[in-house]
Amino acid sequence: MKRFEYLEARTLRQAISMLQRHGGNARIVAGSTDFLVRWRAGLWNPDHVINIQRVAGLGRITYSARNGLRIGALVTIRTLEQHPAVRRRYPALAAAAASFAGVQVRNLATVGGNICNASPSGDTIPALLVFGAECRIVGPDGERWVALDQFFTGPGQTVLHAGELLAEVRVPPPAANTGSHYIKHSPRGAMDIATVGVASLISLDGRTGPCSEARVALGAVAPTPVRAYAAEDILRVQALSGRLIQVAATAAQDGVSPIDDIRGSAAHRKEIVGVLTRRTLEQALDSAAKGPMVFEEQRRLTIQAAF
Amino acid sequence: MKKSLQITVNGELNQAFVEPYYSLLDTLRDEMQMTGTKKGCDEGDCGACTVLLNGKPVCSCLVLAHSAHDGEVITIEGLANGQELHPVQQAFVEYGGLQCGYCTPGLIMATVGFLEGDEEPTDENIKHALGGNLCRCTGYTKVIEAVKAAVATTGRKTE
């Protein structure tokens, strides 16, 4: 444990200038749900900690049918979980938020923090990936946009340059007849990290029509959260059947090379990817045809604890 | 370097002079001598340190004390009205929702936070709301019974 200097930014400009001044070994915190734990464990040893929790303007979440969802980096996971438009239009995202830790952590943890920590198992990330989220990054030279699937470069590593921070995530409005689902498999039903997390999205051309879009994203099975492009390609433009979904699930399973760790062996993880890809796709297809599930029901199906 | 901060705890303005790495939990316990809030795991797994921060249940072990500057905190010490227990405390006593009692302040604060929110107090929502609190002796059946009894006495409807 190393002592650090603590700074608070009130505006984005201030946060950026603090990062420029101290960027070499500074860490941004907001909800700080990871920071103190990792600092106490000696894993993070910054010289400066820059708290952005009170930066104005980053705590808003809005939805419009035209522009979709705009989530400020400081929006808490709890707010995401409870937001009516998220529950209705982005069910996999609401369910992923509900599966995140416990309410005591969700009230603190932010969407920006979950993304910027760049954990392979970050719960909101697979759901944001299937909805095609984009990140607004601000820095000394202004702002730039990066698609979320281009944001991660490794475990804990992102495309953020020195002096930059994530300000906002935008998620396009889903097409009509879209269903989505997230399943998190973990040892404990709360306050735990995913052994495997899978989000799927299906859009249909009409209520019964062929699949116009399919997306699958996987957590905790690669150095970063990843899209399962091979599985998606099998489903896109096809008339969907249980059999085709199984073929796609097998493709997702065959496409990952997870690692062994305390939560599961590589072989176990691979199996689980196949099972969860199939289940999330089946559920997404069902919702695409019939409309979204009641939130509590979707939450029950999302949290799949081993014990 | 230590810096001063002020936090309203149970309605009373408290000042402290703490290092930047101090958690809200350590500030409450060690600087303000409010030891009702318990330290279990100190890493956000067990929920024993749950307090209400600006009305919402949080793990106080994860909160940087300085980040709670000017905030309002309610701890277990702030629930009873003199000798009269808060309805949630009373229900835990009547329904045997505790044995050793170490997890109890956290469970009670999580319950109070849940009942002050706007979720329907169904069995499933109660269990989800308390999923972040570990109890290693009573188990959870009597805790859930106590919460349901508290729902009845505080006038919240179950489905």
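Residues numbered from 1 in each chain as written. Chains lettered and ligands numbered in written order. Predicted model: local features only at pLDDT ≥ 70, side-chain atom pairs only at ≥ 80, totals over all residues.

Another point: the pairing of strand β1 (residues 3-9) of chain B. Residue and element names in this part refer to chain B. When β1 meets strand β2 (residues 12-18), the two strands line up antiparallel, connected through 7 bridges. In the sheet register, K3 faces β2, and the bridge partner there is V18. The turn linking β1 back onto β2 is made up of 2 residues, and N10 within it adopts a positive phi angle of 50 degrees. As paired elements, β1 and strand β5 (residues 72-74) share 2 bridges and run parallel to each other. Paired with V9 across the strands is V73, a residue of β5. (Pairing = 2+ DSSP bridges. Helix = DSSP H or I, 4+ residues; strand = E, 2+ residues; numbered from the N terminus.)

Now for the domain arrangement of chain A. Residues and elements named next belong to chain A. Its domain assignment divides chain A into domain 1 (5-51), domain 2 (61-171) and domain 3 (178-305). A C-alpha centroid distance of 19 Å is found between domain 1 and domain 2. The partner domain 2 presents 16 residues to the 12 residues of domain 1 that form the contact. Per-element accounting of the side of domain 1 that touches domain 2 gives the leading share, 5 residues, to helix α1 (residues 12-22). Grouping the amino acids of the side of domain 1 that touches domain 2 by side-chain chemistry returns 6 nonpolar, 5 polar and 1 charged. (Domains from an automatic or database assignment. Contact = placed C-beta atoms within 7 Å. Nonpolar A, V, L, I, M, F, W, Y, C, P; charged D, E, K, R; others polar.)

Looking now at the sheet that holds strand β14 (residues 226-227) of chain A. All names here are of chain A. Pairing in this open sheet of 5 strands is mixed, and the strands run β14-β13-β12-β11-β15 from one edge to the other. At either end of the open sheet lies a strand with only one pairing partner, and these are β14 and β15 (303-305). Of the strand pairs in this sheet, strand β13 (residues 211-219) and β14 are connected by 2 bridges, and their pairing is antiparallel. Each bridged residue has a counterpart across the sheet, and for A217 the counterpart in β14 is R227. Contacts between helix α12 (residues 295-302) and the sheet are confined to β11 (178-186) and β15, with β11 contributing the most and set at about 40 degrees to the helix. (Axes fitted to C-alpha atoms, helices over the stretch in contact; angles between N-to-C directions.)

Turning to the interface of chain B and chain A, a few remarks are in order. Contact with chain B, which involves 22 residues of that partner, is made by 23 residues of chain A. Of all elements in the fold, only β4 (56-59) and α4 (123-129) of chain B reach the threshold of two or more residues within the side of chain B that touches chain A. Here the side of chain B that touches chain A is built from residues that sort into 10 nonpolar, 8 polar and 4 charged.

All names here are of chain A. Read from one edge to the other, the open sheet built from 5 strands follows the order β4-β5-β10-β6-β7, with strand pairing classed as antiparallel. Unpaired on one side and paired on the other, β4 (61-64) and β7 (142-147) mark the two borders of the sheet. Across this sheet, the average inter-strand angle for adjacent strands is 20 degrees, counted without regard to direction. Both strand β5 (residues 68-72) and strand β10 (residues 165-171) contribute to a ladder of 4 bridges, which runs antiparallel. Paired with I71 across the two strands is V169, which belongs to β10.

Time to look at helix α1 (residues 24-31) of chain B. Among all positions in α1 of chain B, only L24, L25, D26, T27 and L28 of chain B are buried. Directly beyond the C-terminal end of α1 of chain B, a positive phi value near 55 degrees is found at Q33 of chain B. (Buried ≥ 20, exposed ≤ 12 C-beta atoms within 10 Å, placed from the backbone.)

This paragraph deals with the nonpolar core. Counting 147 residues, the largest nonpolar core has A92, L93 and L128 of chain A as its most contacted members. Not counting residues up to four positions away in its chain, the partners in contact with L93 of chain A are L80, V86, T124, A127, L128 and F131 of chain A. (Core = buried A, V, L, I, M, F, W, Y, C linked by C-beta atoms within 7 Å.)

What follows covers unusual backbone geometry. Phi at N177 of chain A takes a positive value of approximately 55 degrees, unusual for a residue other than glycine. Within the secondary structure, N177 of chain A is located in the loop between β10 and β11. What makes N177 of chain A partly exposed here is the crowd of 19 C-beta atoms within 10 Å. In this structure, N10 of chain B takes a positive phi of about 50 degrees despite not being glycine. Assessed through the 17 C-beta atoms surrounding it within 10 Å, N10 of chain B is described here as partly exposed.

What follows deals with the domain arrangement of chain B. Residues and elements named next belong to chain B. Domain annotation of chain B identifies domain 1 (3-78) and domain 2 (87-153). Each partner contributes to the interface: domain 1 provides 14 residues, whereas domain 2 provides 13 residues. Put simply, the parts of the chain that give the side of domain 1 that touches domain 2 at least two residues each are β3 (50-53) and β4. Considering each element in turn, the side of domain 1 that touches domain 2 owes the most residues, 3 residues, to β3.

With 13 residues, helix α10 (residues 242-254) of chain A extends 18 Å between its outermost C-alpha atoms, agreeing within 8% with the 18 Å of an ideal straight helix rising 1.5 Å per residue. Restricting attention to buried positions, one finds in α10 of chain A the residues I245, A248, A249, A251, A252 and Q253 of chain A. (Expected span 1.5 Å × (residues − 1).)

Residue and element names in this part refer to chain B. At their nearest, the axes of helix α3 (residues 104-116) and helix α5 (residues 141-153) sit 11 Å apart, and the two run at 40 degrees to each other. Between α3 and α5, the crossing angle belongs to the class labelled oblique. When you trace α3 past α5, the crossing you get is right-handed. For the pair α3 and α5, the contacting residues are L107, T111 and L115 in the first and V143, V147, A150 and V151 in the second. Within the contact of α3 with α5, the residues separate by chemical class into 6 nonpolar, 1 polar and no charged. (Parallel < 35°, antiparallel > 145°, perpendicular 65-115°, else oblique. Left-handed = near helix turned anticlockwise from the far one by under 90°.)

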